[in-house]
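# Observations on the three-dimensional arrangement
The residues making up each chain are set out below.
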Amino acid sequence: QVQLVESGGGLVQPGGSLRLSCAASGSIFSVTSMGWYRQAPGKQRELVAGIITGGSTNYADSAAERFTISRDNAKNTVSLQMNNLKPEDTAVYFCRVQTKVGGRIDLYWGRGTQVTVSS
């Protein structure tokens, strides 16, 4: 089992920045990838950015060049630095962790943190 706690959401003006953090605890030795997803009202949850154990990252087209995902293995955290935020970035942001033990893969989700971009 892995427990996730997100922090860092809030209200920001267009063009502003926010940094989201997700702290993982529990069976963290089995984590293979960590990522951030978001879900806007009336829309499906979508990938924003992901990072695997080796450090490789991937981003949604909407996030590339504005967002940066990073992982601190010593602190078991994953962060998302979001710059030049736009109103369309408004959503609930969720941390997701994938674990693998033997042949079993499990996904864990945080409860989400609200990001609102508005003037």
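Up top is the structure.
I will try to describe carefully the structure that is included in this document. (Residues numbered from 1 in each chain as written. Predicted model: local features only at pLDDT ≥ 70, side-chain atom pairs only at ≥ 80, totals over all residues. Heavy atoms only, no water.)

### Considering the pairing of strand 7 (residues 67-72)
Moving residue by residue along a regular strand, the side chains alternate between the two faces of the sheet. As paired strands, strand 7 and strand 8 (residues 77-82) are joined by six bridges and run antiparallel to one another. The residue bridging Arg71 from the neighbouring strand is Val78, located in strand 8. Linkage of strand 7 to strand 8, two consecutive antiparallel strands, is achieved through a turn of four residues, within which Asn76 is found at a positive phi near 55°. (Pairing = 2+ DSSP bridges. Helix = DSSP H or I, 4+ residues; strand = E, 2+ residues; numbered from the N terminus.)

### Notes on the nonpolar core
Counting 28 residues, the largest nonpolar core has Trp36, Leu80, Met82 and Tyr93 as the members making the most contacts within it. Of all the elements in the fold, those that place two or more residues in this core are strand 1 (2-7), strand 3 (18-26), strand 4 (31-39), strand 5 (46-52), strand 7, strand 8, strand 9 (91-101) and strand 11 (113-117). (Core = buried A, V, L, I, M, F, W, Y, C linked by side-chain atoms within 4.5 Å. Buried < 20%, exposed > 50% of the residue type's maximum accessible area, 1.4 Å probe, protein only.)

### Notes on the side chain of Arg96
For Arg96, the position within the fold is in strand 9. Within the local environment of Arg96, its side chain forms a polar contact with the side chain of Tyr37, the two groups lying 3.2 Å apart. Look past the residues within four positions of Arg96 in its chain and what remains in contact with it is Leu4, Ser33, Met34, Gly35, Tyr37, Leu107, Tyr108 and Trp109. (Polar contact = N/O pair within 3.5 Å; in protein donor to acceptor, adjacent residues only side chain to side chain. Contact = heavy atoms within 4.5 Å.)

### Remarks on a nonpolar patch on the surface
Judged by side-chain polarity, Ile105, Leu107 and Trp109 come together as a nonpolar surface patch covering roughly 280 Å² of accessible area. Tracing the sequence through the fold places Leu107 in strand 10 (residues 104-109). Judged by its relative accessible area of 42%, Leu107 falls in the partly exposed class. (Patch = residues over 30% accessible without salt bridge, like charges linked within 9 Å, V, L, I, M, F, W, Y side chains within 5 Å. Areas by Shrake-Rupley, 256 points an atom, 1.4 Å probe, with all protein chains shown as cover. Salt bridge = Lys/Arg side-chain N within 4 Å of Asp/Glu carboxyl O.)

### Some details on the state of the cysteines
Tallying each qualifying case throughout the model produces one disulfide. Each sulfur in the disulfide pair Cys22 and Cys95 lies 2.2 Å from the other. Disulfide Cys22-Cys95: torsion about the S-S bond near -80°, hence left-handed. In this pair, Cys22 sits in strand 3 while Cys95 sits in strand 9, placing the two residues 73 residues apart along the sequence. Take Cys22 and Cys95: they sit in the same class, and that class is buried. (Disulfide = S-S within 2.5 Å.)

### Points about the pairing of strand 11
Only one face of strand 11 is buried, namely the one carrying Thr113, Val115 and Val117, since none of Gln114 and Thr116 on the opposite face is buried. Examined bridge by bridge, strand 2 (residues 10-12) and strand 11 share three bridges and lie parallel to one another. In the strand pairing of strand 11, Leu11 is matched with Thr116.

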